[in-house]
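Structural description and commentary
Now for the letters of each chain:
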Amino acid sequence: MTDDAPELRASDADRERVAEVLRDALAEGRLDMTEFEERLDATYKARTYGELAPITRDLPVGEVAAAPRVSMTKEPERSGGWAGRITGGEGSSTWAVAVMSGFQRKGRWTVPRRFNSFAFWGGGDIDLREADFAAGEVVINCVAIMGGMNVIVPPGVEVVVRGIGIMGGFDHREEGVPGDPGAPRVIVTGFAFWGGVGVERKVTRAERQRLKEERRQEKLERRAAQRELGSSHRDDAAAAHRSMLDDHRDMVREHRDARREDRELRREDRDRRRRGED
């Protein structure tokens, strides 16, 4: 964890990297359960790099428990399409444990070919919406004992559920939905006893905001078109009304002219008769 800018805000991915170090330390016996729970709680409450740094400072730096560093430069944008998200290699996180607590895997992370998770009197969220994938097919193995887990996949990903439940179960609602061409295949397997593993399909918050903005823009365009149509109808009605008035004026004018001509003819006729009588 960098000490260069301790006041900068930490992201969910930063907290997850620290939590992974703590889980490794717990598995190796470097932390007991009380210390692990205290540090894990402090990790998820941390808001800045400065608050995260002390949590793993006394843990040895090595291949197993290297303290994560936060890059101060912006990561390059991933290439578009699913091909850019299937990266090969190893995953950035291979397992997660929640014992009377919880865990999260979300944001930008790389899903390994097999990800193992365990929850006992606890729960966890495995969010794949913004994740990269080490292979075109990955396995999410979930073991939930009196606990629960939730696997969130993005639209376009094929899901296969093979878990076994005893007084519990696995969610199969997202099975059977065809995947997009080139999209990864996610196999959710494992065991649930007095617990459950949910599988749901969601778009990212950014995508949801984009769709909301598109719907708002479409609504504004429809309203503008309706106003334009209404204005066109009003213009047509006004034009028709003006035409009717013009026709009426012409009829009145023609009628008046006809009466005038009739009066003049009668006057001329009277004058002729008078001249004849004289």
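So, how was this worked out
Residues numbered from 1 in each chain as written. Predicted model: local features only at pLDDT ≥ 70, side-chain atom pairs only at ≥ 80, totals over all residues. Heavy atoms only, no water. Salt bridge = Lys/Arg side-chain N within 4 Å of Asp/Glu carboxyl O. Buried < 20%, exposed > 50% of the residue type's maximum accessible area, 1.4 Å probe, protein only. Helix = DSSP H or I, 4+ residues; strand = E, 2+ residues; numbered from the N terminus.

1. Here we look at the pattern of salt bridges
Evaluation of the coordinates by the stated rule reveals 9 salt bridges. Among the ionic pairs, Arg129 bridges to Asp127, the shortest N-O distance being 2.7 Å. In terms of burial, Arg129 and Asp127 fall into one category: buried. For Arg201, the salt bridge identified is with Glu174, shortest N-O distance 2.9 Å. Taken together, the positions of Arg201 in strand S13 (residues 196-201) and Glu174 in the loop between strand S11 (169-170) and strand S12 (185-193) put the pair 27 residues apart, joining distant regions of the chain. Beyond isolated ion pairs, a larger network of salt bridges with shared partners links Glu137, Glu158 and Arg185.

2. Section: the environment of Gly176
Assignment of secondary structure puts Gly176 in the loop between S11 and S12. Take Gly176: its relative accessible area is 69%, and that puts it in the exposed class. Through-space distance from the C-alpha of Gly176 to that of Val160 is 7.8 Å; in sequence the pair is 16 residues apart.

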